[in-house]
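The residues making up each chain are set out below.
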Amino acid sequence: MVSLLDVPLRSYPARLTIMLTESIVSRYPRAMGKFKIKLRKLALRQGLLFFFTFSMVVFLLHPGRFSSYRAFEVFHIQPDLEKLFEAATSTDAWSLSNEVCPENWVKRMQESDTILLIPYRNRKQHLNILLNYFALYFQEGFVPRVLVIEQLGDLPFNRGLLFNIGYLETNSLGNYSCLILHDVDLLPVVPVSYTCSNTPVHMSSSIDRFRYLLPYEEMTGGVLMIPRQQFLRLNGFSNRFNGWGGEDDDLYMRMRTAGLPLQRRPPDVSRYRSLYHPPQDPSPNRYKILAEFESDGLSTADYRVESLQQFSCYTHIQVRFSSG
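Note that the structure is predicted; figures quoted are calculated from it, not measured.

The rules behind each value
Residues numbered from 1 in each chain as written. Predicted model: local features only at pLDDT ≥ 70, side-chain atom pairs only at ≥ 80, totals over all residues. Heavy atoms only, no water. Helix = DSSP H or I, 4+ residues; strand = E, 2+ residues; numbered from the N terminus. Buried < 20%, exposed > 50% of the residue type's maximum accessible area, 1.4 Å probe, protein only. Contact = heavy atoms within 4.5 Å. Salt bridge = Lys/Arg side-chain N within 4 Å of Asp/Glu carboxyl O. Pairing = 2+ DSSP bridges. Core = buried A, V, L, I, M, F, W, Y, C linked by side-chain atoms within 4.5 Å. Disulfide = S-S within 2.5 Å. pLDDT = per-residue confidence, 0-100. Polar contact = N/O pair within 3.5 Å; in protein donor to acceptor, adjacent residues only side chain to side chain. Phe/Tyr/Trp six-rings, centres within 6.5 Å; stacked < 30°, edge-to-face > 60°. Lys NZ or Arg CZ within 6 Å of the ring centre and 35° of its normal.

1. So, the overall build of the protein chain
Consideration 1: For the protein chain, the helix and strand inventory stands at nine helices and 11 strands.
Consideration 2: For the protein chain, buried positions account for 48% of its 324 residues.
Consideration 3: Put simply, of all contacts in the protein chain between residues at least 6 apart along the chain, 79% involve residues at least 24 apart.

2. Comments concerning the side chain of glutamate 247
Consideration 1: Tracing the backbone through its elements, the reader meets glutamate 247 in helix 8 (residues 247-258).
Consideration 2: You can call glutamate 247 buried: its relative accessible area is 4%.
Consideration 3: With near-sequence residues (within four places) excluded, glutamate 247 lies in contact with Arg159, Gly160, Phe237 and Phe241.

3. Thoughts on the pattern of salt bridges
Consideration 1: This structure, assessed with the given rule, holds seven salt bridges.
Consideration 2: Among the salt bridges present, the one from arginine 254 reaches aspartate 250, with a minimum N-O distance of 2.7 Å. Pair noted here: arginine 254 and aspartate 250 are both in helix 8, with a separation of four residues, about one helical turn.
Consideration 3: In this structure, glutamate 306 and arginine 320 form a salt bridge, with 3.2 Å as the shortest nitrogen-oxygen distance. With glutamate 306 in strand 10 (residues 303-310) and arginine 320 in strand 11 (residues 315-321), the pair connects residues that are 14 residues apart, well separated along the chain.
Consideration 4: By relative accessible area, which is 38% here, glutamate 306 ends up partly exposed.
Consideration 5: Put simply, Arg159, Asp183 and Glu247 are held in one network by salt bridges that share partners.

4. Some thoughts on helix 4 (residues 103-110)
Consideration 1: Within helix 4 the residues assigned to the buried category are Trp105, Val106, Arg108 and Met109.
Consideration 2: Turning to helix 4, the residues buried within the fold contact helix 5 (124-137) and strand 2 (145-151).

5. Some words on the pairing of strand 7 (residues 223-227)
Consideration 1: Within strand 7, five of the five residues are buried, which leaves it mostly tucked inside the rest of the structure.
Consideration 2: Of the two faces of strand 7, both are covered, the one formed by Val223, Met225 and Pro227 as well as the one formed by Leu224 and Ile226.
Consideration 3: Relative to strand 7, strand 3 (residues 178-182) runs antiparallel, the two sharing five bridges. Each bridged residue has a counterpart across the sheet, and for leucine 181 the counterpart in strand 7 is leucine 224.
Consideration 4: Both strand 5 (residues 201-202) and strand 7 contribute to a ladder of two bridges, which runs antiparallel. Following the sheet pairing, histidine 202 is matched in strand 7 by leucine 224.

6. Notes on the nonpolar core
Consideration 1: Counting residues in hydrophobic clusters, the biggest one holds 37 residues, and the most contacted among them are Ile118, Tyr194, Met203 and Tyr272.
Consideration 2: When contributions to this core are tallied by element, the ones reaching two or more residues are helix 4, strand 1 (114-120), helix 5, strand 2, strand 3, strand 4 (186-188) and strand 7.
Consideration 3: With seven residues, the top contributor of residues to this core is helix 5.
Consideration 4: With sequence-adjacent residues up to four places away left out, methionine 203 is seen in contact with Ile180, Val192, Ser193, Tyr194, Val223, Met225, Arg265, Ser270 and Tyr272.
Consideration 5: Within the second largest apolar cluster, 28 residues are counted, among which are Tyr176, Met255, Leu260 and Leu298.

7. Let's talk about the state of the cysteines
What is meant by a disulfide is a covalent connection between two cysteines, made through their sulfur atoms.
Consideration 1: Within the structure shown, the criterion is met by one disulfide.
Consideration 2: A disulfide bridge connects cysteine 178 with cysteine 196, and the sulfur atoms are separated by 2.2 Å. With the S-S bond torsion at 85°, the cross-link from cysteine 178 to cysteine 196 turns out right-handed. With a gap of 18 residues between them, cysteine 178 in strand 3 and cysteine 196 in the loop between strand 4 and strand 5 connect regions that are remote in the sequence.
Consideration 3: Owing to a relative accessible area of 0%, cysteine 178 belongs among the buried residues under this scheme.

8. Things to note about the confidence of the model for the protein chain
Consideration 1: Looking at the protein chain as a whole, its pLDDT mean stands at 77, while 67% of the residues score no less than 70.
Consideration 2: Under a pLDDT of 50 for its full length, residues 63-76 has, in the predicted model, 20 contacts with residues more than four places off or in other chains.

9. Quick word on the sheet that holds strand 4
Consideration 1: Strand order across the open sheet formed by three strands is 4-9-6, with mixed pairing between neighbours. For this open sheet the edge positions go to strand 4 and strand 6 (206-207), each flanked by a neighbour on one side alone.
Consideration 2: Pairing of strand 4 with strand 9 (residues 271-274), which is carried by three bridges, proceeds in the antiparallel orientation. Of the residues in strand 9, the one forming a bridge with leucine 186 is serine 274.

10. Some points on the side chain of arginine 265
Consideration 1: Residue placement: arginine 265 occurs in the loop between strand 8 (263-264) and strand 9.
Consideration 2: A distance of 2.6 Å separates a polar side-chain atom of arginine 265 from the backbone oxygen of serine 193.
Consideration 3: Contacts of arginine 265, omitting those with residues within four sequence positions, involve Val192, Ser193, Thr195, Val201, His202, Met203, Ser205, Met225 and Ser270.

11. Observations regarding the packing of aromatic side chains
Consideration 1: In the structure shown here, the tally under the stated rule is 10 aromatic pairs.
Consideration 2: Seen from their ring centres, tyrosine 137 and tyrosine 194 are 6.3 Å apart, and the 75° between their planes marks the pair as edge-to-face. On the criterion of sequence distance, the pair formed by tyrosine 137 in helix 5 and tyrosine 194 in the loop between strand 4 and strand 5 is long-range, its members being 57 residues apart.
Consideration 3: Look at tyrosine 137 and you get buried, because its relative accessible area is 14%.
Consideration 4: Relative to tyrosine 194, the ring of phenylalanine 138 has its centre 5.3 Å away and its plane inclined at 85°; by these criteria the two rings are edge-to-face. Of this pair, phenylalanine 138 sits in the loop between helix 5 and strand 2 while tyrosine 194 sits in the loop between strand 4 and strand 5; the two residues are 56 residues apart in sequence, bridging distant segments of the chain.
Consideration 5: Grouping aromatic residues by their ring pairs yields a cluster made of Tyr133, Phe134, Tyr137, Phe138 and Tyr194.
Consideration 6: Sitting over the ring of tyrosine 167, arginine 228 keeps its end group 4.4 Å from the ring centre.

Structure, rendered in structure tokens:
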């Protein structure tokens, strides 16, 4: 016989139905057998519906879905790196107007075979924080050379073209065998290896903005390490993505076409903090450009260098695209 315990607590209509029919079921067991099965299925469905509804409410209201959520606190950033961030953002931190870097940092940077490229425009605060952070982060061991490529003019920001320019201009700066393509608003919050690998490595696969989850498998944006000769083999980035988004997915397609495997490090050694900035205008027709995959890039980069300044901590190049 169906018991009230067989029905979820919230299913009051089902409770009442069972109470009214229990006597009938006991008198006509053969006729009411199928009806008992239907009652059980009804109770099960209501229970599953409640569980699904509760799970969706928890998912939609979870604070991790909102940009203001400090997701990195969940993963307990190492206290020493948290102190580095506080020092890099303090009012008395080294600023861009100060050309003096720690002597041991400069010496190791000059001996490095790796160059770190930072595309940049109108984000002085973020650049200042990043360079301050690096000066503290690379206190010991490996230090890459830093090249900031600043876009002048009023044209939409073109991240891919700036990376291509950075690659082309490194020819006059030294013999570098490895490139690190680094966004200006990302800071490592765990000890991340910046030493070069034999294949492309997506170093920032775990970012607080995405709750330390990889948004999609083809993602290469944020921080990417790639050997110099392999970047040349890909002909660099496409120059056609004006605005936010698309150029890194295009690069992934180039790597796949060239047969270059993309490595990802485990999340616990690839975590980055994202500095806040307002949403950027997306690249128009970026999905259409991806569908019309072409091999433009390093060979078609059209620009001119307006200035080149050598500082002790970094090199700063200002460029203007020829069409603007």
